[in-house]
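Remarks on the overall topology
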Amino acid sequence: MAEEKKGFFKRLVSGLAKTRDNIVSGIDSIFSGFSSIDEDFYEEIEEILVMGDIGINATTAIIENLKEQVAQQHIKDPQECKQLLLNSIKQQMEVDNTEYKFENQKSVVLVIGVNGVGKTTSVGKLAGKLKEQGKKVILAAADTFRAAAGEQLTQWANRAGVEIIGGQPGADPASVVYDAVAAAKARNADILLCDTAGRLHNKKNLMEELRKIYRILEKEYPEAYLETLVVLDGTTGQNALAQARQFAEVANVTGIILTKLDGTAKGGIAVAIQSELDIPVKYIGVGETIDDLQKFDAEEFVNALFNVSDQEEG
Ligand SMILES: Nc1nc2c(ncn2[C@@H]2O[C@H](COP(=O)(O)OP(=O)(O)O)[C@@H](O)[C@H]2O)c(=O)[nH]1
Ligand SMILES: [Mg+2]
């Protein structure tokens, strides 16, 4: 377990390389480039955080908090601010309801998000993870919009070694969910993972479709715990934040899966999401293989971003 954790930290560190180059090398040069703490110093940090997609509101709060700490602790040396900045970012990321309750009871996990963000891939990876934990998982291929979507999910089901319930292309997604619920009950499944189609361009349609699915779940499977995860593409930065906001308006979003954090400079968006929306990022995608989905830990994330291990902290 400790080994596994260490391995993941390393992967996280390398996955976040671009974000780190973007944010941290800039910040380090500020810490070493300034001899005193003044407005210019704060402004430069602010600029780098905003450029790193941490978001204006979160950045403002982080800087305010940093200023307070500096005043309270009578800090004069910019170098001493680094740990304070880290703590301030971590504090800003605090959210409620970070638990993974769906893992330990009968549950339905509905995965939503716009096209191409990584829904199907994430459902496949999550199926693999849960199966590994000894859970009985069933997949619902409720993206009946794209003809190839069912096939793509079938490949993931095979990789993960779990069962899949699908529908004909063009079939009503809610009817697929209905069939999948029946299968989950009949086979006494632990977790039903539903992949959906992403159509946000028409909010009214999306709301209708989601409402229909929710109605079926309430009626046919009231005993199941319901988790709704929005998948966001980490490479899209502030756009991802806007999408999360829109989905939160039409669904009771209980968590975020932030994908493609490998090779993007915009990983700071994880800070903005938790800080500005108060929705926990529950998983991050750091690659395309079945092992490239990991639970998100804000503390670990900020450490990886700044490349400090737990030991160095203090
Ligand atoms: N590098 C990388 N690629 C990803 C990740 N997650 C998904 N992808 C890729 O993004 C593309 C779209 O994924 P898909 O699951 O089909 O998106 P969907 O339309 O939301 O279902 C595929 O090529 C995936 O391999 C990730 O974490 N990292
Ligand atoms: Mg898909």
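Just above sits the structure.
This text gives an overview of the structure that appears in the document. (Residues numbered from 1 in each chain as written. Chains lettered and ligands numbered in written order. Predicted model: local features only at pLDDT ≥ 70, side-chain atom pairs only at ≥ 80, totals over all residues. Heavy atoms only, no water.)

With that settled, consider the overall build of the chain. Summing up its helical and strand segments, the chain has 12 helices and eight strands in all. Taking 20 Å as the expected radius of gyration for a compact globule of 314 residues, we find that the chain reaches 21 Å, a close match to that expectation. Overall, the chain is about 65 × 45 × 30 Å in size when its C-alpha atoms are taken along their principal axes. Residue burial in the chain is summarised as follows: out of 314 residues, 52% are buried. Put simply, 78% of the contacts in the chain that link residues at least 6 apart link residues at least 24 apart. Entry remark: accessible area of the chain is about 14,200 Å², with carbon and sulfur atoms responsible for 46%. (Helix = DSSP H or I, 4+ residues; strand = E, 2+ residues; numbered from the N terminus. Rg over C-alpha atoms; globule rule 2.2 N^0.38 Å. Buried < 20%, exposed > 50% of the residue type's maximum accessible area, 1.4 Å probe, protein only. Contact = heavy atoms within 4.5 Å. Areas by Shrake-Rupley, 256 points an atom, 1.4 Å probe, with all protein chains shown as cover.)

Let's shift gears to helix 10 (residues 238-250). Taking 1.5 Å per residue as the helical rise, helix 10 with its 13 residues ought to reach 18 Å, and the 19 Å between its terminal C-alpha atoms agrees with that figure. Within the sequence span of helix 10, burial applies to Ala 240, Leu 241, Gln 243, Ala 244, Phe 247 and Val 250. The inward-facing, buried residues of helix 10 abut strand 1 (107-112), helix 9 (203-220), strand 5 (225-233), strand 6 (255-259) and helix 11 (269-277). (Expected span 1.5 Å × (residues − 1).)

So, about the site of ligand 1. Residues in contact with ligand 1 amount to 17 residues; listed here are only the nearest, Gly 116, Lys 119, Thr 121, Asp 262 and Glu 288. One of the backbone N or O atoms of Gly 285 is found 3.3 Å from an oxygen atom in ligand 1. Per-element tally for the shell around ligand 1: the top contributor is helix 6 (residues 119-132), with four residues. Per-class residue counts for the shell around ligand 1 are three nonpolar, nine polar and five charged. (Near = heavy atom within 4 Å. Polar contact = N/O pair within 3.5 Å; in protein donor to acceptor, adjacent residues only side chain to side chain. Nonpolar A, V, L, I, M, F, W, Y, C, P; charged D, E, K, R; others polar.)

The next point concerns the sheet that holds strand 7 (residues 281-285). Spatially, eight strands are ordered 3-2-4-1-5-6-7-8 in an open sheet, and the strand pairing comes out mixed. Lying at the two open borders of the sheet, with one neighbouring strand each, are strand 3 (163-165) and strand 8 (293-295). Going from strand to strand, the sheet's axes swing by 25 degrees on average, the running direction of each strand aside. When strand 2 (residues 137-142) meets strand 3, the two strands line up parallel, connected through three bridges. The residue bridging Ile 138 from the neighbouring strand is Glu 163, located in strand 3. Those strands touched by helix 9 are strand 1 and strand 5, and its axis lies near 175 degrees from that of strand 1. Against the sheet, helix 10 contacts strand 1, strand 5 and strand 6, and its axis sits at roughly 155 degrees relative to strand 5. (Pairing = 2+ DSSP bridges. Axes fitted to C-alpha atoms, helices over the stretch in contact; angles between N-to-C directions.)

Within the secondary structure, Ile 216 sits in helix 9. Between the C-alpha atoms of Ile 216 and Val 302, which are 86 residues apart in sequence, the distance is 40 Å. In this structure Ile 216 touches Ala 174, Val 177, Tyr 178 and Tyr 221, once residues within four positions along its chain are discounted.

Where like charges cluster on the molecular surface, the negative patch consists of Asp 38, Asp 40, Glu 43, Glu 44 and Glu 47. Among the secondary structure elements, Glu 47 is positioned in helix 3 (residues 39-51). Exposure remark for Glu 47: the relative accessible area of 53% places this residue in the exposed category. (Patch = residues over 30% accessible without salt bridge, like charges linked within 9 Å, V, L, I, M, F, W, Y side chains within 5 Å. Salt bridge = Lys/Arg side-chain N within 4 Å of Asp/Glu carboxyl O. Lys, Arg positive; Asp, Glu negative; His and termini not counted. Charge placed at Lys NZ, Arg CZ, Asp CG, Glu CD.)

This brings us to the packing of aromatic side chains. Under the definition given, this model contains six aromatic pairs. Each ring, one from Phe 34 and one from Phe 41, has its centre 5.6 Å from the other, and the planes form 70 degrees; the classification is edge-to-face. The burial state of Phe 34 is the same as that of Phe 41; both residues are buried. Taken together, the ring pairs in this structure connect Phe 31, Phe 34, Phe 41 and Tyr 42 into an aromatic cluster. One Lys or Arg, Lys 282, reaches over the ring of Tyr 100 and ends 5.9 Å from the middle of that ring. When the ring centre of Tyr 100 is taken as reference, the NZ or CZ atom of Lys 295 above it lies at 4.3 Å. (Phe/Tyr/Trp six-rings, centres within 6.5 Å; stacked < 30°, edge-to-face > 60°. Lys NZ or Arg CZ within 6 Å of the ring centre and 35° of its normal.)

Okay, the pairing of strand 5 next. The element strand 5 is largely enclosed, with a buried count of seven among its nine residues. Examined bridge by bridge, strand 1 and strand 5 share six bridges and lie parallel to one another. Bridging across to strand 5, Ser 107 finds its partner in Tyr 225. Of the pairings in the sheet, the one linking strand 5 to strand 6 comprises five bridges and is parallel in character. Each bridged residue has a counterpart across the sheet, and for Val 230 the counterpart in strand 6 is Ile 256. Considered for its hand, the β-α-β crossover made up of strand 5, helix 10 and strand 6 is right-handed. (Right-handed = clockwise from strand over helix to strand, strands pointing away.)

Remember, this is a structural readout, not a statement about activity or role.
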